[in-house]
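# Inside the fold
Below are the chains, spelled out letter by letter.
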Amino acid sequence: MLSVEILGGVGEYGRNCFYIENQRQAILLDCGIMKNTQKTPPNITFNHIEKLVAVFISHSHIDHVGALPILQNMGYTGPILMSHTTAQQLPLLIPQVRTFYPDTIGKWIEVNEYLAFQWGYSGHLIGSVWYKIRFFDEMIFFSGDYVVDSYLLKATLPEEDGTVYDVAFIDSGHAEKCIRNLEVLQQMAMYVKAHPNHSFIFPSSFSGKTVDIMTYLSEHTTRAIRVDAKLQPLLAHYDEEHENIWPNKVMLLERLKQKQDSHHVLYFVSEQDVAQVEELAMDYPTAIFVHTGYSRHASNPASLKHISEEFFYKTHPDYWDLVELSQRLRARQTIYFHSTHTNLTTTFPKEELKRD
Ligand SMILES: [Zn+2]
Ligand SMILES: [Zn+2]
């Protein structure tokens, strides 16, 4: 029998950390901190650490890996599993990290005699993955952060082999929204074209969303794309793991780099680099700011003088994605995480419902 303990990340946005015990052994799914000023850690105790035999990491964002140093300080010395590309994105070196490569997709990887897993792409960030885990005789699914309809990144699910999961953890980060990412991209391209005499500044996150947007706008407008130094490593990962990208989109990434210069550029800058955002606001006094997620206007006083527009692009499943994911992943218990709009009692309609 599995016993699940939520150490953070259910009913809240951040510090994702799920502890699963079986026959006095335990595994951890992600180990994140809250993105607040206190950097609230998950509720890990020495009792947890004692039984821990493996940690599964879905991707490199701080709300999924930020508490790994705490694990180490508490004496955990077992394996920490993640994709090769995720490991490259981590700011610090962790000796127990064990990585896997695209050639293992669809295969069982054994951690020990009672623990094995399969993995696949989750579409949220280059290198981000889901896990199908066999723990003794029990089956677990963990979506990680999931984007059903990324423009560039593959999002897959485990092969449908009749598995009924004992527990499934599903990202519900945008449960309160209904969004089609392709429509958002189309609206953005139209907006850019409607303002031919303006440059644009996109304060952007280190995520698949950012590369989706720059690629689509490079393909569908005549503008040159400028990518700030702090976001360059993100693009470099796309060059290294083409398996993660829909095959028909790989060419678009090449074109992104070859684009001729244009008078009014589309500038992508790290949203966390407040000083650089402010500098750009001054360098491009007539530029329009485009925000693509939960708004951060307040942190950029100079940018407040600029025209700004909001286009919300999904980085998590919305309501309809959740209906579909819940139907496709057959599970005895489903735990929805990554949202203040869902909690341990949340369910989604099981009957055939269709968007529209
Ligand atoms: Zn994330
Ligand atoms: Zn997250």
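Each value, and the rule that gives it
Residues numbered from 1 in each chain as written. Chains lettered and ligands numbered in written order. Predicted model: local features only at pLDDT ≥ 70, side-chain atom pairs only at ≥ 80, totals over all residues. Core = buried A, V, L, I, M, F, W, Y, C linked by C-beta atoms within 7 Å. Buried ≥ 20, exposed ≤ 12 C-beta atoms within 10 Å, placed from the backbone. Domains from an automatic or database assignment. Contact = placed C-beta atoms within 7 Å. UniProt positions renumbered as here; feature names shortened; annotations may be inferred. Helix = DSSP H or I, 4+ residues; strand = E, 2+ residues; numbered from the N terminus. Nonpolar A, V, L, I, M, F, W, Y, C, P; charged D, E, K, R; others polar. Expected span 1.5 Å × (residues − 1). Arc of directions from axis to C-beta. Axes fitted to C-alpha atoms, helices over the stretch in contact; angles between N-to-C directions. Parallel < 35°, antiparallel > 145°, perpendicular 65-115°, else oblique. Pairing = 2+ DSSP bridges.

Taking an unreviewed UniProt entry as the reference, the chain is identified by name as MBL fold metallo-hydrolase belonging to Lysinibacillus capsici.

### Overview of the nonpolar core
Formed by 89 residues in total, the largest nonpolar core has its most connected members in Val55, Phe56, Phe142, Phe169 and Phe268. Here this core spans two domains, and each of domain 1 (3–176 + 316–337) and domain 2 (181–310) adds at least three residues to it. If near-sequence neighbours (up to four positions away) are discounted, Val55 is found in contact with Leu28, Cys31, Leu71, Ile80 and Leu81.

### What about the UniProt feature "domain: Metallo-beta-lactamase" (unreviewed entry) in the chain?
What UniProt calls "domain: Metallo-beta-lactamase" (unreviewed entry) maps, in this numbering, to residues 14–198. Annotated as 19% helix and 28% strand, the span residues 14–198 places its first and last C-alpha atoms 36 Å apart.

### Topic: the environment of Gly9
Tracing the backbone shows Gly9 in the loop between β1 (3–8) and β2 (17–22). Excluding residues that lie within four positions of it along the chain, Gly9 makes contacts with Gly14, Arg15, Asn16, Cys17, Phe18, Gly32, Phe337 and His338.

### Things to note about the domain arrangement of the chain
You can read the domains of the chain as domain 1 (3–176 + 316–337) and domain 2 (181–310). In this structure, domain 1 and domain 2 have C-alpha centres spaced 29 Å apart. At the interface, 17 residues of domain 1 touch 18 residues of domain 2. Here the element with the most residues in the side of domain 1 that touches domain 2 is helix α4 (residues 84–89); it accounts for three residues. Classifying every residue of the side of domain 1 that touches domain 2 gives eight nonpolar, seven polar and two charged.

### Let's talk about helix α5 (residues 181–193)
Each α-helix turn comprises 3.6 residues. Residues three or four places apart therefore point the same way. Relative to the 18 Å expected for 13 residues at 1.5 Å per residue, α5 spans 19 Å between its end C-alpha atoms, a close match to the ideal helical length. Listed in full, the buried residues belonging to α5 are Asn181, Val184, Leu185, Met188 and Val192. Considered in projection along α5, the buried side chains sweep an arc of 100° and stay on one side of the axis. For α5, the exposed residues set more than 90 degrees away from the buried face come down to Leu182, Glu183, Gln187 and Met190. Looking at the buried positions of α5, the neighbouring elements they touch are β12 (200–204), α6 (208–220) and β14 (266–270).

### So, the packing of α6 against helix α8 (residues 250–258)
Think of two packed helices as two axes; the pair is described by the angle between the axes and how far apart they sit. Running from N to C, α6 and α8 point in directions that differ by 75°, and their axes come no closer than 9 Å. Taken together, the axes of α6 and α8 lie roughly perpendicular to each other. Contacts between α6 and α8 involve Met214, Thr215, Ser218 and Glu219 on the former and, on the latter, Leu252, Leu253, Arg255 and Leu256.

### As for the environment of His195
On the secondary structure map, His195 appears in the loop between α5 and β12. Its 15 C-beta neighbours within 10 Å are what place His195 among the partly exposed residues. His195 sits 146 residues away from Ile49 along the chain, and the two C-alpha atoms are 56 Å apart.

### Points about unusual backbone geometry
Positive phi, normally seen in glycine, also occurs at Arg15, with a value near 40°. Following the sequence through the fold, Arg15 ends up in the loop between β1 and β2. The backbone of Arg24 sits at a positive phi, close to 60°, despite the residue not being glycine. Within the secondary structure layout, Arg24 lies in the loop between β2 and β3 (25–29).

### Brief notes about the sheet that holds strand β7 (residues 109–112)
Pairing is mixed across the open sheet formed by six strands, whose spatial order is β7-β8-β9-β10-β11-β17. Each having just a single partner strand, β7 and β17 (334–337) make up the two edges of the open sheet. Each strand of the sheet is rotated relative to its neighbour by a mean of 20°, with strand direction disregarded.

### Considering the sheet that holds strand β6 (residues 97–100)
One open sheet accounts for six strands, arranged β1-β2-β3-β4-β5-β6; its pairing is mixed. Each edge of the open sheet is held by one strand with a lone partner, namely β1 and β6. With strand direction ignored, the average angle separating the axes of adjacent strands in the sheet is 20°. Direction of pairing for strand β4 (residues 52–56) relative to strand β5 (residues 80–83): parallel, over a ladder of two bridges. Bridge pairing in β5 places Val55 opposite Ile80.

### Examining the pairing of strand β15 (residues 288–291)
Of the pairings in the sheet, the one linking β12 to β15 comprises two bridges and is parallel in character. In the sheet register, Phe200 faces β15, and the bridge partner there is Ile288. Across three bridges, the pairing between β15 and strand β16 (residues 308–310) is parallel. Considered in β16, the bridge of Phe289 is made with Ser308.

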